[in-house]
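Chain by chain, the residues:
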Amino acid sequence: MKHKPKLWTKDFIMVSTSNFLLFISFYILIVTLAVYSIEKFHASQSQAGLASSIFVLGAVLVRPIAGNAIEKVGKKKLLLFGLILFLVMMLFYFPVNNLALLLIIRFIHGFAFGISTTATGTIVADIIPDVRRGEGMGYFATSTNLAMAVGPFLGLYISQNFDNNMIFITTTVFSVVALIATLFLRVPKTEFIPSTSNEKSGFHLGDYFERTTIGIGILVAILGFSYSSILSFFSAYAVEINLVDAASFFFVTYAVFLLLSRPFTGQWFDRMGENAVIYPSLLLFGIGMFLLSQASVGIILLISGAIIGIGFGTFQSSAQTVAINEAPRHRIGLATSTYFVFFDFGIGIGPFLLGFILPLIGFRGLYVGMAAIVFVCIFVYYIVHGKKAAARKKSRGF
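Note that the coordinates shown come from a computational prediction; the quantities given were computed from them, not determined experimentally.

Further remarks concern the overall build of the protein. The helix and strand tally for the protein stands at 12 helices and zero strands. Starting at the N terminus and ending at the C terminus, the protein contains elements arranged as α-α-α-α-α-α-α-α-α-α-α-α. Taking 398 residues into account, the globule formula puts the C-alpha radius of gyration at 21 Å, and the protein, at 21 Å, falls close to it. Seen through its principal axes, the protein has C-alpha atoms that stretch 55 × 45 × 45 Å. For the protein, the proportion of its 398 residues judged to be buried stands at 54%. Expressed as a percentage of contacts within the protein between residues at least 6 apart in sequence, the contacts between residues at least 24 apart total 86%. For the protein, the accessible surface area stands at approximately 17,500 Å², while carbon and sulfur atoms represent 70% of it. For the protein, the distance from the average site of its 28 positive side-chain charges to the average site of its 17 negative ones is 7 Å.

Structural data, given as structure tokens:
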């Protein structure tokens, strides 16, 4: 039997740990900052929402710049810069005494987050052996998925049981640990190949976005938009259907079933190709969203969480792997930043647009609509990548 190169190296564990701590800090703050703004600064609902979402805006704006700079500056240097800035901005939350200053801090903090997570996503692609990329990216993406489940739970627990400073103390500790982990990280050196557009002066879109990622990026944005309906309105939906107790375990179920599926889905990706994993994951995500829309008892709500965890969680890591695999080696940083720009845009714009639709169709109608969008995305995937992947596999004789 052919020996597989090692995946769980010290460096893989370090970069995954840093990524997890960045994302858990992000999710803790995203669920607590709105309430904090209202309590401390008597902010309106729209101002409080801005305090949460302006962070994402900062991240989206800086990602193309970080993707463009990462090969020139060096991956580890850029990650260290991002993490130091992230920690410094974390410390600024303690003395803040007005809403305008808080918004500035949130915006710059988003910059630091965008730089750091673009770097971690690029570095891990260099660390993972090529033949285990689907499996490795799957485990790496689990660090983000787990933060998505644990972060909101931890944030709400801290805000309900401690004073506001404890939120910032916790996230500051996480920032310090992420920085320490990165100091021990060894990043493989890759040759820097200058962009051909550098020969001409002026702005070139290709310097900031990876063309091969745009197709899968559009799909990621649409599915991020659909998933944002859960992040934004799930708690209110649970209250309306009288399933608040069961709802508190929704994200735990999501994380557990995602973790249980991870050892298989990543290996299937590497062995059988992306289509064998992405088509079923989209189907499961759609089924999970439809089940969520029809939930009237706790067990159905939790089953929907489990199916969405496997479906959406698997799609996320698989799509990121596709983005990396399609890009030239020296443009993996740009591919990573382009992928996250689309994902962040979908997650960020979803709550704003869906807020207008919700009063017209209600919660159940909203989740039926999101399920329909996910099912349509099966055909979108076929157009933007699935057809090409199938033809490539056939030409290789598989």
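For an interface, size is often stated in terms of accessible area lost upon the parts coming together. Assigned domains of the protein: these are domain 1 (9-188) and domain 2 (209-397). When each unit is reduced to the centre of its C-alpha atoms, the spacing between domain 1 and domain 2 is 21 Å. Between domain 1 and domain 2, the contact holds 31 residues from the first and 32 residues from the second. A buried area of about 2,800 Å², summed over both sides, lies between domain 1 and domain 2, and 65% of it is on carbon and sulfur atoms. Here domain 1 is connected to domain 2 by three salt bridges.

Turning next to the pattern of salt bridges. Summed over all chains, the structure comprises 12 salt bridges. Taking the shortest distance from any N to any O, the salt bridge between Lys 75 and Asp 126 comes out at 3.0 Å. Within this pair, whereas Lys 75 is found in helix α3 (residues 75-92), its partner Asp 126 is found in helix α4 (residues 99-127), the two being separated by 51 residues in sequence. Looking at Lys 75, the relative accessible area reads 7%, which means it is buried.

The next point concerns the packing of helix α11 (residues 298-326) against helix α12 (residues 332-395). Packing of α11 against α12 leaves a shortest axis separation of 6 Å and a crossing angle of 35°. By crossing handedness, the relation of α11 to α12 is classed as left-handed. Judged by residue contacts, Phe 312, Gln 316, Ala 319, Gln 320, Val 322, Ala 323, Ile 324 and Glu 326 of α11 engage Ile 332, Ala 335, Thr 336, Tyr 339, Phe 340, Phe 343, His 385, Lys 388 and Arg 392 from α12. Residue classes in the contact of α11 with α12 are distributed as 10 nonpolar, four polar and three charged.

Moving on, we come to the nonpolar core. Counting 113 residues, the largest nonpolar core has Tyr 227, Ile 230, Leu 301 and Ile 308 as the members making the most contacts within it. With 17 residues, the top contributor of residues to this core is α12. Built from parts of two domains, this core gets at least three residues from each of domain 1 (9-188) and domain 2 (209-397). Not counting residues within four places of it along the chain, the set of residues in contact with Leu 301 comprises Phe 234, Ile 241, Leu 243, Ala 246, Ala 247, Phe 250, Leu 292 and Ala 295.

Counted by the stated rule, this structure contains 26 aromatic pairs. With a centroid separation of 5.9 Å and 85° between ring planes, the pair formed by Tyr 36 and Phe 41 is classed as edge-to-face. A centroid spacing of 5.0 Å and a plane angle of 45° characterise the contact between Phe 285 and Phe 312, whose relative ring orientation is tilted. Of this pair, Phe 285 sits in helix α10 (residues 275-294) while Phe 312 sits in helix α11; the two residues are 27 residues apart in sequence, bridging distant segments of the chain. For the pair Phe 285 and Phe 312, a shared accessibility class is recorded, and that class is buried. Site record: aromatic cluster; members linked through ring pairs are Tyr 227, Tyr 254, Phe 285, Phe 312, Tyr 339, Phe 340 and Phe 343.

For His 42, which is not glycine, the phi dihedral falls at a positive 55°. For His 42, a relative accessible area of 68% corresponds to the exposed category. Backbone geometry places Asn 242, a non-glycine residue, at a positive phi of 60°. Mapped onto the elements, Asn 242 comes out in the loop between α7 (214-240) and α8 (244-247).

Taking 1.5 Å per residue as the helical rise, α7 with its 27 residues ought to reach 39 Å, and the 38 Å between its terminal C-alpha atoms agrees with that figure. Two residues or fewer after α7 comes Asn 242, characterised by a positive phi angle close to 60°.

Let us now look at α3. Each full turn of the α-helix corresponds to 3.6 residues, which orients residues three or four apart in the same direction. The end-to-end C-alpha distance of α3, which contains 18 residues, comes to 26 Å, matching closely the 26 Å that a straight helix rising 1.5 Å per residue would cover. For α3, every residue scored as buried is listed here: Lys 75, Leu 78, Leu 79, Leu 80, Gly 82, Leu 83, Phe 86, Leu 87, Met 89 and Met 90.

Another aspect to go through is the environment of Pro 5. In this fold, Pro 5 is placed in the segment before α1 (10-41). The exposure class assigned to Pro 5 is partly exposed, which follows from its relative accessible area of 33%. Along the backbone, Pro 5 and Pro 129 are 124 residues apart, and their C-alpha atoms lie at a distance of 6.5 Å. Residues within four places of Pro 5 in sequence aside, it is in contact with Pro 129, Val 131 and Arg 132.

In this section: the environment of Ala 69. Note that Ala 69 resides in helix α2 (residues 45-73). Judged by relative accessible area, which is 18%, Ala 69 ranks as buried. A sequence separation of 170 residues divides Ala 69 from Val 239, and the C-alpha atoms of the two residues are 46 Å apart.

Conventions and cut-offs
- Sequence order as written defines residue numbering, which begins from 1 separately in each chain.
- Note on the predicted model: pLDDT of at least 70 is required for a residue's local features to be given, and 80 or more for side-chain atom pairs to be given and counted; whole-chain, interface and lining totals, by contrast, use all residues.
- Side-chain metrics rest on all non-hydrogen atoms present in the structure, leaving aside hydrogens and water.
- Numbering of helices and strands starts at the N terminus; helices are DSSP runs of H or I of at least 4 residues and strands are runs of E of at least 2.
- Restricting the calculation to C-alpha atoms gives the radius of gyration, and the globule rule supplies 2.2 Å times the number of residues raised to the power 0.38.
- The cut-offs for exposure are 20% and 50% of the maximum accessible area for each residue type, with area from a 1.4 Å probe on protein chains only; residues under the lower value are buried, those over the upper are exposed, and the others partly exposed.
- Contacts are assigned to residue pairs with any non-hydrogen atoms lying within 4.5 Å of each other.
- Throughout, the Shrake-Rupley method with a 1.4 Å probe supplies accessible areas, and for residues the shown protein chains are the sole cover considered.
- This count recognises Lys and Arg as positive and Asp and Glu as negative, with His and chain-terminal groups excluded.
- Taken as the charge location is NZ of Lys, CZ of Arg, CG of Asp or CD of Glu.
- The source of the domain bounds is an automatic or database domain assignment.
- Summed over both partners, buried area is the accessible surface (1.4 Å probe) that two parts give up on being assembled.
- Salt bridges, as used here, are contacts in which a Lys or Arg side-chain nitrogen is within 4 Å of a carboxyl oxygen on Asp or Glu.
- To get an axis, a line is fitted to the C-alpha atoms, and for a helix only the part in contact is used. The angle between two axes follows their N-to-C directions and goes from 0 to 180 degrees.
- Handedness of each helix crossing follows the sense of rotation of the near helix against the far helix: counterclockwise by less than a right angle gives left-handed, clockwise gives right-handed.
- Charged means Asp, Glu, Lys or Arg here, nonpolar means Ala, Val, Leu, Ile, Met, Phe, Trp, Tyr, Cys or Pro, and polar covers whatever is left, Gly included.
- Among the buried residues, those of types Ala, Val, Leu, Ile, Met, Phe, Trp, Tyr and Cys that are joined through side-chain atoms within 4.5 Å form a nonpolar core.
- We call Phe, Tyr and Trp rings a pair once their centres come within 6.5 Å, taking the six-membered ring for Trp, and we label the pair stacked below 30 degrees between planes, edge-to-face above 60, and tilted otherwise.
- Between the first and last residue of a helix there are one fewer steps than residues, each counted as 1.5 Å, and that sum is the expected span.

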